[in-house]
Amino acid sequence: MTLCLSEARPDPPETAVDGVWLSCIECDATFAPFEAVRYTCDDCDGLLEVRYADLPTFEDFEGELGVWRYADALPFEAGVSIDEGGTPLYEVPTIEAETGVADLRVKHEGMNPTGSFKDRGMTVGVRVAERLGVDRLACASTGNTSAALACYGARAGTEVLVLLPAGKVAAGKVAQASLHGARILEVDGNFDACLDVVSDLADRGEAYLLNSLNPFRLEGQKTIGLEILEQFRDQTGDLPDRIVLPVGNAGNTAALYKAFRELVRSGALDADDVPTLTGVQAEGAAPMVEAIEEGNDEVHRWEEVETRATAIRIGNPVNAPKALPGIRETGGTAVAVSDEEITDAQRALARDGVGVEPASAASVAGLRKLRESGEIAADERVVCLTTGHLLKDPDAAAAAGADPEPVPADTDGVLEHLGE
Ligand SMILES: *Cc1c(COP(=O)(O)O)cnc(C)c1O
Ligand SMILES: [Zn+2]
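An unreviewed UniProt entry lists the protein chain under the name Threonine synthase, with Halorussus gelatinilyticus given as the organism. Checking UniProt for the protein chain, the heading Catalytic activity (unreviewed entry) contains the comment "O-phospho-L-homoserine + H2O = L-threonine + phosphate".

What follows is the structure in structure tokens.
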């Protein structure tokens, strides 16, 4: 029952609506997609996945690059949208030369409307909420999910509640949630505690949950993988061998794997050509890395987590049951990096003109580490995913960068200061 690349294409069950249904990844129970609010399996509480009777090939994708180019891979033709996706795939010559891989690109998800990839999930998730007719949306968040939900909820005209760990959310993200009009509840606890509370609220019918436990969000996030394949092929003529990405709740790891599984099933991609998924966590919040290193089937929750990369300060990655098979079946791995290595990678990206928040830089820090250990080979074509924009966390950026130098308000004084 593990999610594997060679899975046969399933027949639609009676519960399917327009060729779409929900399936439990643990017990294969199926459910109608939009008839009732449901986040996990009624029978065994396992994670749910959206399934489709028809899976598209690359020829089916039409229109501008962006989430809704991939409508044939999604449950709707259109969403609550402000042009999410279609983010740049940058060359990073300095880091490419330094790491010595054959080809290196950075997929900068910080270029989404609210500055993180979370917008891709929300354009689909908030559309589902409309279909279900719910009147309050909620999430727990390390920051970016709350910014995206506040924005898309505002766009849909729906009330939004966000639960944030007090004192642990970067300034830009709180400002966004605030201006877009969400009610912000600062919880005296970490992200995992926020998610426990908001999941409870959702179970009691108080709000519709839009954390990545919600299987529809991951549908939107699949499009990161689809865009990477199309852009990388356009730019280099090939597909990437490996995708390196930061891991928090492991939603993206799960979503990219699902995108590739579906392409394999539709015949659009050879199983051998699926990029190797490589997850990176901060040393102070690395339960996925622990599970991969120890060969465990389950991820054990870390009660205490700490890292400067607040977006991945997560001890209980809810999508681990979907993400672990993704890493293993694609021949990938997971690695932990220190906060110093993250900040160093943030500076390296900035030198190549790419401004990211700390969690995003974890991907490049992980690439560096795995090149040093030899795990990533010199002939590999690699994409690093950078998940959020530099301005999300101005304090971290200022701390990592150069300090301003006070000078007098006259030219001679300035020249003297410059030592000329
Ligand atoms: C949400 C987030 C992550 C973590 O992504 P997962 O899909 O939960 O693993 C990483 N970086 C940034 C900037 C984020 O906002
Ligand atoms: Zn089940």
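Let us keep going from here.
Chemist: How should the coordination of the zinc ion (ligand 2) be read in this particular structure?
Modeler: In ideal tetrahedral geometry, four donors around a metal make angles of 109.5 degrees, whereas ideal octahedral geometry with six donors gives angles of 90 or 180 degrees. Coordination of the zinc ion (ligand 2) by the protein is provided by Cys24 (SG), Cys27 (SG), Cys41 (SG) and Cys44 (SG), with metal-donor distances spanning 2.3 Å. Here the zinc ion (ligand 2) is ringed by four donor atoms whose angles at the metal span 98 to 119 degrees, and the overall shape comes out tetrahedral. Binding-site remark: the zinc ion (ligand 2) is held by donors from one chain whose sequence spacing is C-x2-C-x13-C-x2-C. Linking cysteine 27 in the loop between strand E1 (20–24) and strand E2 (30–31) with cysteine 41 in the loop between E2 and strand E3 (48–52), this pair joins segments that are 14 residues apart in sequence. Look at cysteine 27 and you get partly exposed, because its relative accessible area is 34%.

Chemist: What is the right way to look at the UniProt feature "binding site: pyridoxal 5'-phosphate" (unreviewed entry) in the protein chain in this model?
Modeler: On the UniProt side, "binding site: pyridoxal 5'-phosphate" (unreviewed entry) is annotated at positions that read Asn144, Gly248, Asn249, Ala250, Gly251, Asn252 and Thr387 here. The residues touching glycine 248, leaving out its near neighbours within four places in the chain, are Gln281, Ile312, Ile314 and Pro317. Its location among the elements puts alanine 250 in the loop between strand E10 (242–246) and helix H7 (251–266). The buried category is assigned to alanine 250, whose relative accessible area is 3%. In contact with alanine 250, other than residues within four places in its own chain, are Met288, Pro317, Asn319, Ala320 and Ala323.

Chemist: Where do I start with the packing of aromatic side chains in this structure?
Modeler: The relation between two aromatic rings is expressed through the spacing of the ring centres and the mutual angle of the planes. Under the definition given, this model contains five aromatic pairs. The interplanar angle of 25 degrees and the centroid separation of 5.6 Å between the aromatic rings of phenylalanine 34 and phenylalanine 216 together place this pair among those described as stacked. Taken together, the positions of phenylalanine 34 in the loop between E2 and E3 and phenylalanine 216 in helix H6 (residues 215–236) put the pair 182 residues apart, joining distant regions of the chain. When its relative accessible area of 11% is taken as the criterion, phenylalanine 34 is described as buried. Here the aromatic rings of phenylalanine 58 and phenylalanine 61 are separated by 6.0 Å at their centres, their planes lie at 85 degrees, and the arrangement is edge-to-face. Neither residue differs from the other here; phenylalanine 58 and phenylalanine 61 are each classed as buried.

Chemist: What's the story with the site of ligand 1 in this structure? I'm lost.
Modeler: In the region of ligand 1, 15 residues are neighbours, and Lys118, Asn144, Gly248, Asn249 and Thr387 sit closest. At a separation of 2.7 Å, an oxygen atom of ligand 1 approaches a polar side-chain atom of lysine 118. Note that an oxygen atom of ligand 1 is positioned 2.7 Å from one of the backbone N or O atoms of glycine 248. Contact with the protein chains covers 97% of the free accessible surface of ligand 1, which is 390 Å². Classifying every residue of the shell around ligand 1 gives six nonpolar, seven polar and two charged.

The rules behind each value
- Throughout this document, residue positions are counted from 1 along each chain, in the order its sequence is written.
- Each chain takes a letter, starting from A, and each ligand takes a number, starting from 1, following the order in which they are written.
- A pLDDT threshold of at least 70 governs which residues receive local features in this predicted model, and a stricter bar of 80 or more applies before side-chain atom pairs are shown or counted, although totals over entire chains, interfaces and linings include all residues.
- Side-chain metrics rest on all non-hydrogen atoms present in the structure, leaving aside hydrogens and water.
- UniProt positions are given in the numbering used here, feature names are shortened, and annotations may be inferred rather than shown by experiment.
- Metal donors were taken as nitrogen, oxygen and sulfur atoms no farther than 2.8 Å from the ion, or 3.2 Å where the ion is Na, K or Ca. Water is excluded, so coordination may look unfinished.
- In short, tetrahedral needs four donors with all angles between 85 and 135 degrees, square planar needs four and octahedral six donors with opposite donors over 155 degrees apart and all other angles between 65 and 115, and whatever is left is irregular.
- By definition, any uninterrupted DSSP run of H or I lasting at least four residues is a helix, any uninterrupted run of E lasting at least two residues is a strand, and each is numbered from the N terminus.
- Type-normalised accessible area, obtained with a 1.4 Å probe on protein chains alone, sets the label of each residue: buried when under 20%, exposed when over 50%, and partly exposed for intermediate values.
- We call two residues in contact whenever any of their non-hydrogen atoms come within 4.5 Å of each other.
- Pairing of aromatic rings covers Phe, Tyr and Trp, the last counted by its six-membered ring, and requires centre-to-centre distances within 6.5 Å; plane angles under 30 degrees mean stacked, over 60 mean edge-to-face, and any other angle means tilted.
- A cutoff of 4 Å decides nearness: a residue is near a molecule or strand if any of its heavy atoms lies inside that distance of it.
- In the analysis that follows, any N or O atom pair within 3.5 Å is treated as a polar contact, provided that within protein one partner can donate a hydrogen and the other can accept it, and provided that, for residues neighboring in sequence, both atoms belong to side chains.
- Only the protein chains shown count as cover for residues, and all accessible areas are computed by the Shrake-Rupley method using a 1.4 Å probe.
- For this classification, Asp, Glu, Lys and Arg are treated as charged, while Ala, Val, Leu, Ile, Met, Phe, Trp, Tyr, Cys and Pro are nonpolar and the rest, including Gly, are polar.

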